Amino acid sequence: MEERKYNIRILSENRELVAIDEFRVVKSAINVLLGESGIGKSLISLAIAGLIDPDELDVHIDGRPYRSYLNSKEAIEIRRNGFFVFQEPSSHLNPLKTLRMQLREGSLEEAPGEESILRKLWQNPKLAEYENILDVYPKPYRPSGGEKQRILAAMAFKKMASTAGSSKGSVYFFDEPTGNLDNKLRNEFLDLLVENFGESRPTILLITHDYSMISRFIGKYPAIGKNIYYRELMLEHGRLRLRDFQPREYLLWLEKRVAAKPPAEKKEMILRLQPEIKVFGRTLHISRDPAGNTPAPLVIRKGTVTYLKAPSGTGKTTIVKIMMGLIKSEKMSMELGDTVYSEETSRNAWAGRVWGKQMTMVFQHADESLNLNSKVKDVFSGLPVVGSMSKEEIADAISELFEEAPTREFLNKKVRFLSGGQKQRLNLLRSLILHTDIIILDEPLNGLDFLSVAKVITMIETKLQSGIGIMVISHNEEVFDTMVGPENIYYLNSSSLD
Amino acid sequence: MKILRILHKEHSSLRTRLLIHCAGILLMACIFWIFISMYEISRVESRQSEKEIQKYLDLNYIDFGNPLDRTLFRESLEIFYKGQTQRNDSLLTAIDNLRQRQFSDPSYKTVENPNGLTWQVLQKLGGMYLQFIAVYAVVLLVIYFAAQRIAVYRFIKMKQHRESYISQAFDIVTGADKKSAGKAAALIIKAFLKGMLYMLLFSPAYVIAYSVKTTIDTSSVIFMILLGIISNGVLIHTANKFFTFLTGESRKGYIQTAVVKNLNASYEWNAPEGIPIKTMLHIKHGLRSHVFQAIFENARFQFIPALKEHASFLVTGLIIIEMALNIQGHFCYVLLQQILYRQYDIAAVIIFGIFLAVKLTEIVIDIWEYMEKKKYGY
Amino acid sequence: MDINTSIRKFGFQDLFNRKDLLWLIIWIAGLGLLWIWNALFLNAPAFARLQTAFLNSLLTGMMVVVFSLVLGWITGVSLHLLERSELKTGFAILSFVTDMLRSIPQIIAVLIGYVILTMLLYKGIIQSSFIQLIWIAGTISIAVFLEVADTIKQRIDYYRTLDFVDAMLCCGIKIRRIINIEILWKNSKSHLLHKLIAIFGVSIFLQCSIDFIISVGLSTDVSLINFPMTLGNLLANVDSKQDILALSNLFTDLGYLPEIFKRHLQGLSVASCIVFSLLCIYMIANGFVRRKKLI
């Protein structure tokens, strides 16, 4: 096992963003890099890939200034033979070039295997299904995030195929490459990754929060297990450290949860959403089976988690936004308490009766949902309940979720300086503090490390005991299936109105 | 034909925008028409009443400046209009006011267009307007291209991490090679000239024009065009806007993707993976395998709608030039003259003309933006 | 050697990284130098006029900034709220009006304001110099405030594209608070400050230009003497114009340069004050953008 150890320090205007003494990458292996969002995984990877602008950030690798690293043989080799699949697919595609043009640009122009790669990533469809997408100029809304993500992955696999003979020294970075994919598509991606790795054995750095990848790797590819290294980037006493992560840690936790799963129990209904919803020229159907053969109203009950599943891009977030009155639908009917809400209900009705009172929602990106320029203590300003809560009560609520009494320093810290996990927990806490009847959680495990996942799950379970109804949408089926019984699982399907 | 097609139903977003522009033009036309009509009515009324008063002023045996004559006139009025003291006092006050106005008000002096807005006046204004529009179009076009090149040059220089002239000169002076004093002096001169150029680009037009007035014919159209381009900060602000777009785009994710696809990314002039200096002349098509191509195209895409605000500022600059340079027979100078002579009807027509120029620019830019967007599937 | 090394060499690293502050210092230092030179060589009445003109222009510029901020804030927020509400007609009307205003070149709007001011002065309705300055500032603000309104609307629209607003609404936070405090106050101060610096520069430019235009002959009833002394007003003064015209002599006789700095000081000082201020304000705004990473 050949390992490259990096000493990396990244500063912005004299403020240290990242500092790690020993960041290890095993050569000719799949390095799975876990850890909560915002801790510095992407920044470290970008630094190694030579993609940070030295005018923007002050970077030192192995004590050398970044410009010197950029001119080193190693960095030149990485840039020439490697590839980087970026986390945010929308902004990483040129809006003024079609996807086909972008797939055949630069060193990808002559690269072989484009068609077979695309077929696999699109689950072997008829040619026309992805051919249509290739002539699209990417926009924020079209093609979907998942499609864009697969195009970026296809670029990486094309490059891998073209450098197959000279892969020594090449490094491929995949930064959250499945963040927009459902489990099925994620598995297709992983299969293709393993297949390509098996052929040319490049160095792969796979950054992810998705711990369920572990089960897939171990379950489906036991043979290459010795070539997969799981590492978790974590903060320890204010210093970054890379620790070896034992997959057993996660698998055992899952096993325990399955064993402790509570029996089914029918509780009082709080909300009922009729199964047919029309929006943006599409009809969304809620049913009890994945194929959509048994339409059923979605019901949220007291003290119960309701889980809505669907392939990526179907409209899960759209449905919950309709339920929250944030998107106006063409047809819908929802009973909440004694009131019926429909497509004709005015937004003011939701504002006056629902938001923060009967129902609330936690959005998936804590970075977007919270005001990063607010202090931690100010996150709760303006909430309907805060007027009636003392500072001590707020501090208590924070300590409950953060498992320690918040210091004055912590309360006065700007949200932007919190870690990804802390932000996500704060995001949850802002809704939990409201005492609503229902909380909708959109990808609540997004960006969390394993410890934070466990904490959030515990917190949801504690909250359920107070009688609140929770609705979840999440790609992380492996975790939520340990919590929700089949009687509370719903599936979403979509069809075009015409 | 293309424009007609654009107005077709399927292009509803553009149609709405064009309709808004047309409604704006129509509304403004109505406002000005009402204003001109009302002004004309009040002018006829005031001329009528002045005519009445003028009868008295035309009496050559009365000098209204002479107190004795005034008293005699007042008493005569008392004889003819006995008991109507208030009426007689008012008449005398009106006579005094008219006399004062005729003495001090410029509109009672040599007025170029004494009959207000006539067909002849409109024809004359039309000619001036065409010249104004021609100058405006030329300046706008030159600024559009020049600003892009200046911004691109500045952007590439920034990417080259070159030191400032002063810093380079400092290096030479403090370095071992003391013999290069000439080089250091040249650098300092360059820095000085650069500073002067900046000052020139920020100078209001009248400062430049007055400082060269005795050596150059400042009333020529060529000088006006030149002044329109370089003065009032228009060029530098427009170039800065484009530079902002270039910088913003260069930080976007798709540029990183282009880099990992091994597109050329060096910014050295004429280097193998760099930028051939001759492409500065045809940037749009000259850098196919360089990441800068994508940066430029995306910046240009955003620059088109931004041109609207710069066009409006450019018109402001041209108005200032025409007014401040006091150039007879120019559209905006005539506007100033008409305001001075209180010929507000003519002034209103000129202002409407200027408004129309800006609106037409906005319409052209909206159509252009729409076509560009269509090209890229928006 | 990279730029940082050379900066260290000068010993001004922090200052060079804060180009806005550096140019603010250059501006103040330049004006200070000009003040000392004038104190030494310019005759006392002209020197007093120059100081008054500068202070009045500065004061007017500041008032324009305040008025524009208030007008822009109200307009930007109203446009956003109306666009989102069911009052589509209200939005259509307000956006139509702002659209119309945008199509009127700034100098024309200011000129109309001055024509009205001239009438008010002629009729004796306005007499105090301070009120005149407020009027001038108000007029210029109407011509430029849309830039602030646009910035405000852009900022709100940007946050609308994120989960930011929806996430807060779902928690029961009022939209007024989300817009005014969470978006504009906590997240847009730098953007607004940058815009206000630029507006300050534009207001100086417009003030000077309009005063100069008036000198060409907007009115004989109200001469420049009746208006408060500003930089443009002073530049339009016959003496200053003569001083600027004298610059032409340099094209034929460079030896005339010392005379320019002594005999033609008033015009030269006013012109330099205007041009140098415009340059510095532009540099300050640009430096601010870079330091705050607004692009």
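That block above? That's the structure.
About the criteria used
- Residues numbered from 1 in each chain as written.
- Chains lettered and ligands numbered in written order.
- Predicted model: local features only at pLDDT ≥ 70, side-chain atom pairs only at ≥ 80, totals over all residues.
- Heavy atoms only, no water.
- Pairing = 2+ DSSP bridges.
- Helix = DSSP H or I, 4+ residues; strand = E, 2+ residues; numbered from the N terminus.
- Contact = heavy atoms within 4.5 Å.
- Buried area = accessible area lost by both parts, 1.4 Å probe.
- Salt bridge = Lys/Arg side-chain N within 4 Å of Asp/Glu carboxyl O.
- Polar contact = N/O pair within 3.5 Å; in protein donor to acceptor, adjacent residues only side chain to side chain.
- Nonpolar A, V, L, I, M, F, W, Y, C, P; charged D, E, K, R; others polar.
- Patch = residues over 30% accessible without salt bridge, like charges linked within 9 Å, V, L, I, M, F, W, Y side chains within 5 Å.
- Areas by Shrake-Rupley, 256 points an atom, 1.4 Å probe, with all protein chains shown as cover.
- Lys, Arg positive; Asp, Glu negative; His and termini not counted.
- Charge placed at Lys NZ, Arg CZ, Asp CG, Glu CD.
- Buried < 20%, exposed > 50% of the residue type's maximum accessible area, 1.4 Å probe, protein only.

Some remarks on the pairing of strand β11 (residues 269–273) of chain A
All names here are of chain A.
Then step 1. As paired strands, β11 and strand β14 (residues 298–301) are joined by 4 bridges and run antiparallel to one another. Opposite Arg 272, over in β14, you have Val 299 as the bridge partner.
Then step 2. As paired elements, β11 and strand β16 (residues 333–336) share 3 bridges and run antiparallel to each other. Paired with Arg 272 across the strands is Glu 335, a residue of β16.

Section: the interface of chain B and chain C
Then step 1. Taken together, the 57 residues of chain B in the interface contact 48 residues of chain C.
Then step 2. Buried area between chain B and chain C, both sides added, is near 4,800 Å², and the carbon and sulfur share of it is 72%.
Then step 3. Three residues, Phe 202, Tyr 206 and Tyr 210 of chain B, lead the burial of chain B against chain C; their summed loss comes to 13% of the area buried on that side.
Then step 4. The salt bridge involving Asp 99 of chain C is made with Lys 359 of chain B; its shortest N-O contact spans 3.4 Å.
Then step 5. Linking chain B with chain C are 9 residue pairs in polar contact (both at pLDDT 80 or more), by the criterion used here.
Then step 6. Only α2 (12–57), α6 (165–174), α7 (181–202), α8 (205–212), α10 (234–250), α13 (291–324), α14 (331–340) and α15 (344–375) of chain B provide two or more residues apiece to the side of chain B that touches chain C.
Then step 7. In terms of residue class, the side of chain B that touches chain C is made up of 32 nonpolar, 16 polar and 9 charged.

Overview of a negative patch on the surface
Then step 1. Where like charges cluster on the molecular surface, the negative patch consists of Glu 392, Glu 393, Asp 396 and Glu 400 of chain A.
Then step 2. By the secondary structure assignment, Asp 396 of chain A is in helix α14 (residues 391–402).

Brief notes about a nonpolar patch on the surface
All names here are of chain C.
Then step 1. Taken together, Trp 35, Ile 36, Trp 37, Leu 40, Phe 41, Leu 257 and Phe 261 make up a surface patch of nonpolar side chains, about 690 Å² in accessible area.
Then step 2. The set of elements that each furnish at least two residues to the nonpolar patch consists of α3 (19–41) and α14 (257–263).
Then step 3. Residue contributions to the nonpolar patch peak at 5 residues, all from α3.
Then step 4. Along the chain, the position of Ile 36 falls in helix α3.
Then step 5. For Ile 36, a relative accessible area of 46% corresponds to the partly exposed category.

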